[in-house]
Amino acid sequence: MIEYFDSVEEPVEGGEFLTLGAGHYAPQVAKLTVSYGDKPQEYPVRMARRAFVHAALLRPDTPPDGHFLGPSTYLHAYDAAGEKIYDQSQDPKFTKEE
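Residues numbered from 1 in each chain as written. Predicted model: local features only at pLDDT ≥ 70, side-chain atom pairs only at ≥ 80, totals over all residues. Heavy atoms only, no water.

Caption draft 1: Quick peek at unusual backbone geometry. Although it is not a glycine, Arg49 sits at a positive phi angle of roughly 50°. Here Arg49 shows up in the loop between β5 (46–48) and β6 (51–58). At Arg50, a position not held by glycine, the phi torsion is positive, near 65°. Along the chain, Arg50 turns up in the loop between β5 and β6. Owing to a relative accessible area of 44%, Arg50 belongs among the partly exposed residues under this scheme. (Helix = DSSP H or I, 4+ residues; strand = E, 2+ residues; numbered from the N terminus. Buried < 20%, exposed > 50% of the residue type's maximum accessible area, 1.4 Å probe, protein only.)

Caption draft 2: View of the nonpolar core. Counting residues in hydrophobic clusters, the biggest one holds twelve residues: Ile2, Tyr25, Val29, Leu32, Val34, Tyr36, Val45, Phe52, Ala56, Leu75, Ala77 and Tyr86. Mapped by element, the contributors of at least two residues to this core are β3 (31–36), β6 and β7 (73–78). Element by element, the count of residues in this core is highest for β3, at three residues. The residues touching Tyr36, leaving out its near neighbours within four places in the chain, are Thr19, Tyr43, His54, Ala55, Ala56, Pro71, Ser72 and Thr73. (Core = buried A, V, L, I, M, F, W, Y, C linked by side-chain atoms within 4.5 Å. Contact = heavy atoms within 4.5 Å.)

Caption draft 3: The side chain of His76, seen in detail. Position of His76 among the secondary structure elements: in strand β7. Taking the relative accessible area as the measure of exposure, His76 reaches 4% and is therefore buried. Side chain to side chain, His76 and Ser35 meet in a polar contact 2.7 Å long. Within polar-contact distance, the side chain of His76 engages the side chain of Asp87 at 3.3 Å. Once you skip the residues sitting within four places of it in the chain, His76 turns out to touch Lys31, Leu32, Thr33, Val34, Ser35, Glu42, Lys84, Tyr86, Asp87 and Ser89. (Polar contact = N/O pair within 3.5 Å; in protein donor to acceptor, adjacent residues only side chain to side chain.)

Laid out in structure tokens, this is it:
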């Protein structure tokens, strides 16, 4: 249903980190959102021609000593009726239950 290219977190100026992800989605997906870590709030994802991209700037509470892993990023897919048809946080390929 969703195919991922990459998801990265890179340092930017001011102690912030850019988290960026992109991929493709199946025709039955009408809306994609993204959530971070264990927070339930979902944010819009840019979609066009069955490709998507999401990005956010994160600021850690404590400056890291090296690479910042940040919270896990989870995609959520909805069909045209608004029903959730995919939740990455429940996908065994992306959870510790694998």
